[in-house]
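Structure at a glance
Single-letter residue listing:
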Amino acid sequence: MLHLTSVDLKRQKIKALFIPVCEDKRIHAEPVVAALVDQALAIGEFKGKKDQEITLYRPPGCVAERVVFRGLGKAESLDAEALRRAAGRSVKRCIQLGLPRMWLAAPDPAAASIEETDILRAMMEGAFLGNHVFDRYKQEKETKPLARAYLVVPAASAARHRRLAADVQTVCGGTLMAREWVNLPSNDKPPLELAALIAREAKAHGLAVEVLSEKDLQRKKMGAMLAVAAGSSNRPAMVILRHKGGDRRPPVVLVGKGVTFDSGGINIKTGDSLPDMKGDMAGGAAVAAALIVAARLKLKRHLIGVIPLVENMVSGRSTRPGDIVTTFTGKTVEIGNTDAEGRLILIDAMAYAEWRFKPEVMIDLATLTGACVVALGERIAGVFAKDEALQAAIVAAGRRTHERCWPMPLPGDYKELLKSSYADINNMPNTRYGGAVTAALFLSEFVGTARWAHIDIAGPGFHKKEDAYCGPGGTGFGVRLLMDWLTSRT
Ligand code: BES
Ligand code: ZN
Ligand code: ZN
């Protein structure tokens, strides 16, 4: 879908050319584009203010049928994310117009004060991600994604970045895969079905796949995960994906929360948060997609993905508040609240993964707590890790990809808050404050010596409303983040 091209705009017949424009600085060096920007600004009503748009039909100076100018606001606030968003919005506009192809003018790196690679990568990401339409359940397909998006650059930059378009498509293809899984309604992704969907994609891309059944989980004594699964008539599963990178180091293990629907269980949820709970497997979706991207990129690093899949439901078989279970590690947990189910499936998945794979690094992604959304809002994930270098590397990857992460604490003295009168630990803290922190501390009690980080994506994993380069629903958050982290390390 993505192409980097240099075209002669005076000759090339195109239906729609999109040009991002700053209000206080000329950022295009290409003479035809620069002249078009002058024309647009000369009209007076378009100033290049943020999100402003104007269309000129058959303007003199080129042979485009229409040129759409999109305001970026002030140059000092121009960054890769502003370009990613502008590209996403432009694609969505083009889709609305019903056109199958678009041309998008890339600004000049010197004028925009952004590295060339960062400009091109961001604009291609925005265009590719903005081109995703989830209409599987609509009889009438109202909108059709673009077949092609051309990023217009000088010939030399097209030559310098020959592999970039394919790379961006592979990584962002993972983001779309995760979005598709998250957007599926829970009736079409009970654990075993979702496991099969993931397994099929994973096998097709050369990953080794294992799916543990409920019997396997019983044999392995994963009492915490089984307690969450108990109330549902849909059986649980654990998907294990392996990418053999060829290196001899201990693997990186990624673990993703896969609750295909979180009703809360006996501590049932109320209000309008319930429909969003089909997205409670966003961490699992991101991990599965990241493994598939790693395989497609032939990443050198040995990588393992572990995705515990369960449905948290209410029935006569449901686990009760106050029940005590024995986890994979042998530690007992009092289930003070059945809605704190994510941590229960994660501790068994992580303890099992650490015991079996002896990872060098283990990272879990989970839509774990509403408290994390209260703390950081809907667009920033919380990163918890004792290892500050690992935490900083994840935050840095978040900055580069704009899948933003913020460092959060793991204060040892707060473990007091998870004391149980009857079992080794309670999954419910005895305070309503600091819920994201106490959840992370609960997880930490089940991690051994591996360098471990926990990323709470309850906010950024799922958005009700659409945005510049994402539709409503699953965002695919975590795939670009993990891939950036994995590929930027030495
Ligand atoms: N899946 C939820 C967390 C969540 C909330 C995700 C909002 C996305 C948006 C999780 O299983 C949950 O219910 N957590 C409880 C924990 C509490 C009972 C200790 C919460 O956050 O209220
Ligand atoms: Zn819950
Ligand atoms: Zn949950």
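Residues numbered from 1 in each chain as written. Chains lettered and ligands numbered in written order. Predicted model: local features only at pLDDT ≥ 70, side-chain atom pairs only at ≥ 80, totals over all residues. Heavy atoms only, no water.

**A few points about the site of ligand 1**
Near ligand 1, the surroundings consist of 15 residues, among which Asp 262, Lys 269, Asp 339, Glu 341 and Gly 370 are the closest. Take Glu 341: an N or O atom from its side chain is 2.8 Å from an oxygen atom of ligand 1. Take Gly 370: an N or O atom from its main chain is 2.7 Å from an oxygen atom of ligand 1. Considered on its own, ligand 1 offers 520 Å² of accessible surface; in the complex 76% of this is hidden by protein. (Near = heavy atom within 4 Å. Polar contact = N/O pair within 3.5 Å; in protein donor to acceptor, adjacent residues only side chain to side chain. Areas by Shrake-Rupley, 256 points an atom, 1.4 Å probe, with all protein chains shown as cover.)

**Some details on the sheet that holds strand β13 (residues 332-334)**
With respect to topology, three strands assemble into an open sheet ordered β12-β13-β17, the strand pairing being mixed. Each edge of the open sheet carries a strand with a single partner, namely β12 (324-326) and β17 (425-426). (Pairing = 2+ DSSP bridges. Helix = DSSP H or I, 4+ residues; strand = E, 2+ residues; numbered from the N terminus.)

**Topic: the coordination of the zinc ion (ligand 2)**
Each donor-metal-donor angle would ideally measure 109.5 degrees in four-coordinate tetrahedral geometry, or 90 or 180 degrees in six-coordinate octahedral geometry. In the first shell of the zinc ion (ligand 2), the protein supplies Asp 262 (OD), Asp 339 (O), Asp 339 (OD) and Glu 341 (OE), at 2.0 to 2.2 Å from the metal. Seen from the zinc ion (ligand 2), its six donor atoms lie at angles of 72 to 167 degrees, and the figure they make is irregular. Binding-site remark: the zinc ion (ligand 2) is held by donors from one chain whose sequence spacing is D-x76-D-x1-E. (Donors = N, O, S within 2.8 Å, 3.2 Å for Na, K, Ca; no water. Tetrahedral: all angles 85-135°; square planar, octahedral: opposite > 155°, others 65-115°.)

**Remarks on the pattern of salt bridges**
A complete count under the given rule lists 38 salt bridges for this structure. With a shortest N-O distance of 2.8 Å, Lys 464 and Asp 276 are connected by a salt bridge. One end of the pair, Lys 464, is in the loop between β19 (462-463) and β20 (473-474); the other, Asp 276, is in the loop between β10 (258-262) and α10 (282-296), with 188 residues separating them in the sequence. Glu 445 is paired through a salt bridge with Lys 331; the nearest N and O atoms lie 3.9 Å apart. Of this pair, Glu 445 sits in the loop between α14 (435-444) and β18 (451-456) while Lys 331 is found in the loop between β12 and β13, placing the two residues 114 residues apart along the sequence. Exposure remark for Glu 445: the relative accessible area of 27% places this residue in the partly exposed category. Residue Lys 331 is classed as partly exposed on the basis of its relative accessible area, which comes to 29%. One salt-bridge network, in which partners are shared between bridges, spans Arg 85, Arg 89, Lys 92, Arg 379, Glu 466 and Asp 467. (Salt bridge = Lys/Arg side-chain N within 4 Å of Asp/Glu carboxyl O. Buried < 20%, exposed > 50% of the residue type's maximum accessible area, 1.4 Å probe, protein only.)

**Regarding the coordination of the zinc ion (ligand 3)**
Around the zinc ion (ligand 3), the protein supplies Lys 257 (NZ), Asp 262 (OD), Asp 280 (OD) and Glu 341 (OE) as donor atoms, at distances of 2.0 to 2.4 Å. Its six donor atoms give the zinc ion (ligand 3) angles of 78 to 172 degrees at the centre, a pattern that matches the octahedral case. Coordination of the zinc ion (ligand 3) draws on donor residues from a single chain, spaced K-x4-D-x17-D-x60-E in sequence. Taken as a pair, the zinc ion (ligand 3) and the zinc ion (ligand 2) lie 3.3 Å from each other and share Asp 262 as a ligand. In this pair, Asp 262 is assigned in strand β10 and Asp 280 in the loop between β10 and α10, connecting sequence segments 18 residues apart.

**Some details on the side chain of Lys 189**
With respect to the helices and strands, Lys 189 occurs in the loop between α6 (164-183) and α7 (191-204). Within the buried core, Lys 189 has no salt-bridge partner, and the shortest N-O distance to an opposite charge, that of Glu 311, equals 9.7 Å. In terms of polar contacts, Lys 189 uses its side chain to reach the backbone carbonyl oxygen of Trp 181, at 3.1 Å. The contacts of Lys 189, once residues within four sequence positions are left out, are Trp 181, Val 182, Leu 184, Leu 194, Thr 260, Lys 278 and Met 281. (Lys, Arg positive; Asp, Glu negative; His and termini not counted. Contact = heavy atoms within 4.5 Å.)

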